[in-house]
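# Notes for the structure review
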Amino acid sequence: MTEAVTRFAPSPTGRLHLGHVHSALQGWSSAKASGGRFLLRIEDIDGTRCRPEFTEAILEDLTWLEITWDGPVRRQSEHFGDYRAALARLKGQGLLYPCFCTRAEIQAEIARSAAAPHGPEGPLYPGTCRGLSDSERELRMNAGETFALRIDMEKAASRAGALFWEDDLAGHIEAQPSGHGDVVLARKETPASYHLAVTVDDALQGVTLVTRGEDLFAATDVHRLLQALLELPTPRYRHHPLLRDAEGRRLAKRDKAQTVVSLREGGTSPAEVRRLAGF
Ligand code: GLU
């Protein structure tokens, strides 16, 4: 078995629950079983949802669980320069455009069209700003209108050609980035989207095996595309089934009883929490 470099990449938007522990242990055990490395990354780019006290709590909970990580913790909020460089590269390839639409405008446009195409995360962006002229873009930017940067998906996907990835559980997968439409790669308040930051970071951190929940399976279409455009290596993937409660529902932030802190305060041992998380 080759030495796997894996990572756990939580967003500090709440306390860790058993689902997170399951995910962390997937990466941790794959790294340990292969004599590799397990990295920790805090995905705290979205300043509107992430809080520093949750970052501290994540480190504390993992330490209590004896889930140890190798090397320094990477906090995405400290690496905006890396994401800006990737955006500049995509922009240089003529693949990004500014989108001035508000959420309400996008919804209204989707409601007007009889058969709005849908992607894995709902209706696709209808492309309103894709065709704006350079002069109109400049005019609106100079007027101080806020904008997001979107990728021209059709152009990008045809430039990249057929793309594949290997998933430990699902096998040889053909990426379908076109089905996601012109996704946002940056916004004013969040200078890099999840898709961009995760792709850049996995490459910069030398991750060779991405272990994460199967709810992110489709997102890998976009990550695979960005890897190709940015000439980054493609890791192996392992999209694991989500931990579910007795009724078959996936665990969520609302299930306070399933957080590591409440289990700990209730007297559950670290080994027992790991067992409850399926390990
Ligand atoms: N930060 C993401 C989350 O907490 C996970 C990202 C990933 O593993 O690729 O859902």
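All values reported here derive from a predicted model rather than from experimental measurement.

### Some remarks on the overall build of the protein chain
Tallying secondary structure elements over the protein chain gives 10 helices and 12 strands in all. Radius of gyration (C-alpha) of the protein chain: 20 Å, near the 19 Å computed for a compact globule of 279 residues. Principal-axis analysis of the C-alpha atoms places the extent of the protein chain at approximately 65 × 40 × 35 Å. When each of the 279 residues of the protein chain is scored for burial, the buried share is 49%. In the protein chain, the share of contacts with a sequence separation of at least 24, taken over all contacts with a separation of at least 6, comes to 79%. Summed over its atoms, the accessible surface of the protein chain is roughly 13700 Å², and 52% of this surface lies on carbon and sulfur atoms.

### Quick word on the site of the ligand
The immediate surroundings of the ligand are formed by Arg-7, Ala-9, Pro-10, Ser-11, Glu-43, Tyr-194, Val-198, Arg-212 and Leu-216. Contact between the ligand and Ser-11: a nitrogen atom at 2.9 Å from a side-chain N or O atom of the residue. When the ligand is considered free in solution it has 300 Å² of accessible area, and contact with the protein chains removes 76% of it. For the shell around the ligand, the residue count by class is five nonpolar, one polar and three charged.

### Regarding the side chain of His-22
Structurally, the position occupied by His-22 is in helix α1 (residues 18-33). Within the local environment of His-22, its side chain forms a polar contact with the backbone oxygen of Ala-277, the two atoms lying 2.8 Å apart. Setting aside chain neighbours within four positions, we find His-22 in contact with His-240, Pro-241, Leu-243, Ala-277 and Phe-279.

### Section: the state of the cysteines
Under the defined criterion, the tally for this structure stands at zero disulfides. Just so you know, Cys-101 is unpaired, no disulfide at all, and the nearest cysteine sulfur is the one on Cys-129, 3.7 Å from it.

### Things to note about the sheet that holds strand β2 (residues 37-42)
Here we have three strands laid out as an open sheet, ordered β1-β2-β3, and parallel in their pairing. On the outer flanks of this sheet lie β1 (5-8) and β3 (74-75), each paired with one strand and no other. By the bridge criterion, four bridges tie β1 to β2 in an arrangement that is parallel. For Val-5, the partnering residue across the bridge sits in β2 and is Arg-37. Against the sheet, helix α7 (residues 194-204) engages β1, β2 and β3, with an angle of about 145 degrees to β2.

### A word on α7
Burial analysis of α7 places eight of its 11 residues in the buried class, which makes it a mostly covered element. Every buried residue of α7 is accounted for by His-195, Leu-196, Ala-197, Val-198, Thr-199, Val-200, Asp-201 and Asp-202. Looking one or two residues beyond α7, the residue adopting positive phi is Gly-206, at roughly 70 degrees.

### Some words on the nonpolar core
Of all hydrophobic cores here, the largest spans 32 residues; its most connected members are Leu-90, Ile-151, Leu-185, Leu-196 and Leu-226. Contributing elements (two or more residues each) for this core: α3 (80-92), β7 (148-151), α6 (153-160), β10 (184-186), α7 and α8 (219-229). Setting aside its immediate chain neighbours within four residues, Leu-226 contacts Leu-90, Ile-151, Leu-185, His-195, Leu-196 and Thr-199.

Thresholds applied
Residues numbered from 1 in each chain as written. Predicted model: local features only at pLDDT ≥ 70, side-chain atom pairs only at ≥ 80, totals over all residues. Heavy atoms only, no water. Helix = DSSP H or I, 4+ residues; strand = E, 2+ residues; numbered from the N terminus. Rg over C-alpha atoms; globule rule 2.2 N^0.38 Å. Buried < 20%, exposed > 50% of the residue type's maximum accessible area, 1.4 Å probe, protein only. Contact = heavy atoms within 4.5 Å. Areas by Shrake-Rupley, 256 points an atom, 1.4 Å probe, with all protein chains shown as cover. Near = heavy atom within 4 Å. Polar contact = N/O pair within 3.5 Å; in protein donor to acceptor, adjacent residues only side chain to side chain. Nonpolar A, V, L, I, M, F, W, Y, C, P; charged D, E, K, R; others polar. Disulfide = S-S within 2.5 Å. Pairing = 2+ DSSP bridges. Axes fitted to C-alpha atoms, helices over the stretch in contact; angles between N-to-C directions. Core = buried A, V, L, I, M, F, W, Y, C linked by side-chain atoms within 4.5 Å.

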